[in-house]
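Observations on chain architecture
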Amino acid sequence: MSSITMTNKSRLTVGQLVIYALLIIGSLFYLYPLFWLLINSLKQTPEIFSNPWALPERWIWENYPDAWTTGNVSRYVVNSIILTGTSLVVVLLLSSMAAFALTQLKWKLSKLTLLYFLIGFMVPVHATLIPLFVYFTRFNLVDSQLGLGLIYSSFGLPLAVLVLCGFLSAIPRELLEAAVIDGSSVYGLYWRIVLPVSKPALMTVTILSFVSVWNELLLALIFLTDQSKFTLPVGLTRFSDLYVTDYAPMFAAIVIATIPTLILFAIFNKRVLAGMAEGAIKG
Amino acid sequence: MRSRTSILFFMTPAFLLYTAIVFIPILASVYYSFFKWDVLSPPKFIGLDNFIRMFTKDDIFVTSVKNMLFLTVTSIVLQQFFGFLLAVFITSKIKGKEFFKNVFFYPAVIASVAVGLMWTFIYDPKFGLLNGFLRLIGLESLQRQWLFEQSTAMWAITLVVCWQYIGYTMILYVAAIQNIPRDIFESARIDGAVGWRLIRYMTIPLVKPIIKVNMILITVGSLKFFDLVYAMTRGGPAHSTSVLAMHMYNRSFRQYEYGYGDALAVVLLIMCLVATLVINLLFRKADTEY
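Residues numbered from 1 in each chain as written. Chains lettered and ligands numbered in written order. Predicted model: local features only at pLDDT ≥ 70, side-chain atom pairs only at ≥ 80, totals over all residues.

Let's shift gears to the overall build of chain A. Looking only at helices and strands, chain A features 15 helices and zero strands. The globule rule puts the C-alpha radius of gyration for 283 residues at 19 Å, and the 25 Å found for chain A is more than 25% above it. Based on the C-alpha atoms only, the size of chain A along its principal axes is roughly 75 × 75 × 35 Å. Taking all 283 residues of chain A together, 43% fall into the buried category. Restricting the contact set of chain A to residue pairs at least 6 apart, pairs at least 24 apart contribute 77%. (Helix = DSSP H or I, 4+ residues; strand = E, 2+ residues; numbered from the N terminus. Rg over C-alpha atoms; globule rule 2.2 N^0.38 Å. Buried ≥ 20, exposed ≤ 12 C-beta atoms within 10 Å, placed from the backbone. Contact = placed C-beta atoms within 7 Å.)

Along its length, chain B carries 13 helices and two strands. Per-residue burial for chain B yields a buried fraction of 44% across its 290 residues. Summarising the internal contacts of chain B: among those between residues at least 6 apart in sequence, 71% fall at separations of at least 24.

Buried together is how nonpolar side chains tend to be arranged in soluble globular proteins. Counting residues in hydrophobic clusters, the biggest one holds 173 residues, and the most contacted among them are Ala98, Ala253 and Ile254 of chain A together with Ala114, Met170, Tyr173 and Leu268 of chain B. With 18 residues, helix H7 (residues 150-179) of chain B is the single largest residue contributor to this core. Setting aside residues up to four positions removed in sequence, Ala114 of chain B forms contacts with Leu236, Ile254, Ala257 and Thr258 of chain A. (Core = buried A, V, L, I, M, F, W, Y, C linked by C-beta atoms within 7 Å.)

Listed as interface residues are 67 residues of chain A and, on the opposing side, 66 residues of chain B. If one sorts the elements of the side of chain A that touches chain B by residue count, helix H2 (residues 14-40) of chain A sits on top with twelve residues. Taken together, the residues that form the side of chain A that touches chain B break down as 52 nonpolar, 15 polar and no charged. (Nonpolar A, V, L, I, M, F, W, Y, C, P; charged D, E, K, R; others polar.)

This brings us to the domain arrangement of chain A. All names here are of chain A. Split by domain assignment, chain A resolves into domain 1 (2-62) and domain 2 (65-282). With centres defined by C-alpha atoms, the gap from domain 1 to domain 2 works out at 34 Å. Domain 1 puts nine residues into the contact, and the matching count from domain 2 is nine residues. Per-element tally for the side of domain 1 that touches domain 2: the top contributor is H2, with three residues. Considering only residue class, the side of domain 1 that touches domain 2 consists of three nonpolar, four polar and two charged. (Domains from an automatic or database assignment.)

Bringing helix H11 (residues 199-215) of chain A into the picture now. For H11 of chain A, built from 17 residues, the straight-helix expectation of 24 Å at 1.5 Å per residue is met to within 8% by its first-to-last C-alpha distance of 24 Å. By the criterion of burial, H11 of chain A is predominantly enclosed, with twelve of the 17 residues buried. Taken together, the buried positions of H11 of chain A are Ala201, Leu202, Thr204, Val205, Ile207, Leu208, Ser209, Phe210, Val211, Val213, Trp214 and Asn215 of chain A. Summarising the contacts, the buried residues of H11 of chain A are in contact with helix H5 (73-104), helix H8 (145-168), helix H13 (232-242), helix H14 (247-267) and helix H15 (269-282) of chain A together with helix H5 (112-122) of chain B. (Expected span 1.5 Å × (residues − 1).)

Right, let's get into the confidence of the model for chain A. All names here are of chain A. Residues with a pLDDT of 70 or more make up 95% of chain A, whose mean pLDDT is 89. Looking across chain A, the model is least confident in helix H1 (residues 2-10), with a mean pLDDT of 44, and most confident in helix H12 (residues 218-223), with 96. Segment residues 1-8: pLDDT under 50, and one contact once partners within four positions in sequence are set aside and those in other chains are kept. (pLDDT = per-residue confidence, 0-100.)

Quick look at the environment of Tyr64 of chain A now. Assignment of secondary structure puts Tyr64 of chain A in helix H4 (residues 63-70). The exposure class assigned to Tyr64 of chain A is partly exposed, which follows from the 19 C-beta atoms found within 10 Å.

Moving on, we get to the packing of H15 of chain A against H7 of chain B. Taken N-terminus to C-terminus, the directions of H15 of chain A and H7 of chain B make an angle of 90°; their axes are 10 Å apart at the nearest point. Relative to H7 of chain B, the element H15 of chain A is oriented roughly perpendicular. The segment H15 of chain A lies against H7 of chain B, with Leu273, Ala277, Ala280 and Ile281 of chain A engaging Ile171, Leu172 and Ala175 of chain B. (Axes fitted to C-alpha atoms, helices over the stretch in contact; angles between N-to-C directions. Parallel < 35°, antiparallel > 145°, perpendicular 65-115°, else oblique.)

This next bit is on H14 of chain A. With 21 residues, H14 of chain A should reach 30 Å at 1.5 Å per residue; the first-to-last C-alpha distance of 31 Å fits that figure. A bend of about 25° at Thr258 of chain A is the largest found in H14 of chain A, and the proline Pro260 of chain A appears one to four places after it. Looking at the buried residues of H14 of chain A, the elements they touch are H2, helix H3 (45-50), H4, H5 and H13 of chain A together with H5 of chain B. (Bend = angle between axes of the 7 residues up to and from the residue.)

Let's shift gears to the environment of Cys165 of chain A. Residue and element names in this part refer to chain A. Structurally, Cys165 is set in helix H8. Placed 64 residues apart in sequence, Cys165 and Ala101 show a C-alpha to C-alpha distance of 9.4 Å. In this structure, Cys165 is in contact with Ala99, Leu102, Thr103 and Leu114, ignoring residues within four places of it in sequence.

With that settled, the discussion passes to the confidence of the model for chain B. Considering every residue of chain B, the mean pLDDT works out to 91; 97% of them sit at 70 or more. Interface confidence for the predicted complex, given as ipTM, is 0.91, next to a pTM of 0.91.

Peptide bonds are mostly trans, and most non-glycine residues show a negative phi. Residue and element names in this part refer to chain B. With omega at -10°, the peptide bond leading from Gly236 into Pro237 counts as cis. Phi is positive for Arg234, which is not a glycine, with a value near 55°. Position of Arg234 among the secondary structure elements: in the loop between helix H11 (227-232) and helix H12 (244-253). You will see that Ala238, though not glycine, has its phi angle at about 50°, which is positive. On the secondary structure map, Ala238 appears in the loop between H11 and H12.

In this structure, Leu146 of chain A sits in helix H8. C-alpha separation for the pair Leu146 of chain A and Gln104 of chain A, spaced 42 residues apart in sequence, amounts to 30 Å.

Below you can see the structure in the form of structure tokens.
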């Protein structure tokens, strides 16, 4: 009996070996495609056809500037940054204000108002597309970063309000009461106490909104018709029309679209995992 | 402090934006689903004709719903199974938990369009990894034009969906398993529960709430599905990979049949609501067994 416990501690058990083996095989399914994408982005198109598996004979970096300028990827990246930035600012500001009112300034219908926002969870964005498109055309908001940004923010609101309400209702009342006694107005309370205190929850909302807005395709496809306004996902789908047979720059474009998100993911890794889990469970 | 003006000040912006962009358009969609409406002519009330047309005259609609159900069922089976399995592996006594977690999760944060295009290359008949791999292991007879054949295209897309989101399913289970107090597991082990029995009688019942969350996420996600189909096949070949969102997009914004598009959107909305409701009911019933 004791000898078994000894081996358990000092060496790997069969069970663990099997688990490691399976996890490593599984990882290959996830890492190899990425690696393959990278090496092919450094080849010339004929070499991709003749030798898709091997490392590049000569490393062709030109695919990147080619995709960046000729393929318009630089334009798409800038557009995506503006759009994501706008949506984030709007959603963070409005949801934190609403959550503050809903949790700290409770009034008769605050429960009902929260429920009203939660309807947004159940509704697929598709059910709003046509009326929105018709209104937006009438008010000249098609092809406008602000217009699309407002849509993203509105659909981000339910989750953001919910996450922030959960966090804000846990703020000790004494903290706010002390500030009121010190002469802080309700606006000062929000700006100087509530916002700084709720940083972790705001961070969660930022991550969730970033991932959904930065990657969004359907709305961007409908509400952006002018190529100079395209976001990265829309641009990528058009890239394949532009480079029908010249695959190498397209490999490069996909790498450009993927790497920044992966770097951000690597940096904020723990928070992203926790935030996305929290968002999903709340939703 | 609770003055009416301050409540209005903090509440109004979010309320107005949400009402104008989410709430009113939903009502408008439901309303116009009873109309014949395109860009050229004003809306004309036609009762349930749009819905009747869908089920009787629109073959692409039928194909889309079939594909959607296929995608939903296959995703539930594959993602729940592999997501849970990976979570059990990762929470067991191994090194490199963080590494494996991130490796399986990263596709969930990158754009579906990028994932879709990458897999379009992997499936490419000439230089793709998949056919290359089959040649390598001497199974040339299994080589296919994956995304260009009606018999394989939907499977090919479904596997990419699972590839992208298994990690998401997994981290929710990992979080749930790590939340189970250690001593519960220890006492179960002392009682002789190991391996499969431990999982069957301890882990699964204890993570039940997350099974439900994953079920809803995967189902609603599959019903709304659009991005990967658009990036990989645009619904082709011959509409064999069309899904409801794809069909709705084409009818509304390619053929400008707004009334019919709204009717399709309403069907999608109802399916999402019904699915969520049914899953909630199923799990409520199951809860009382314990």
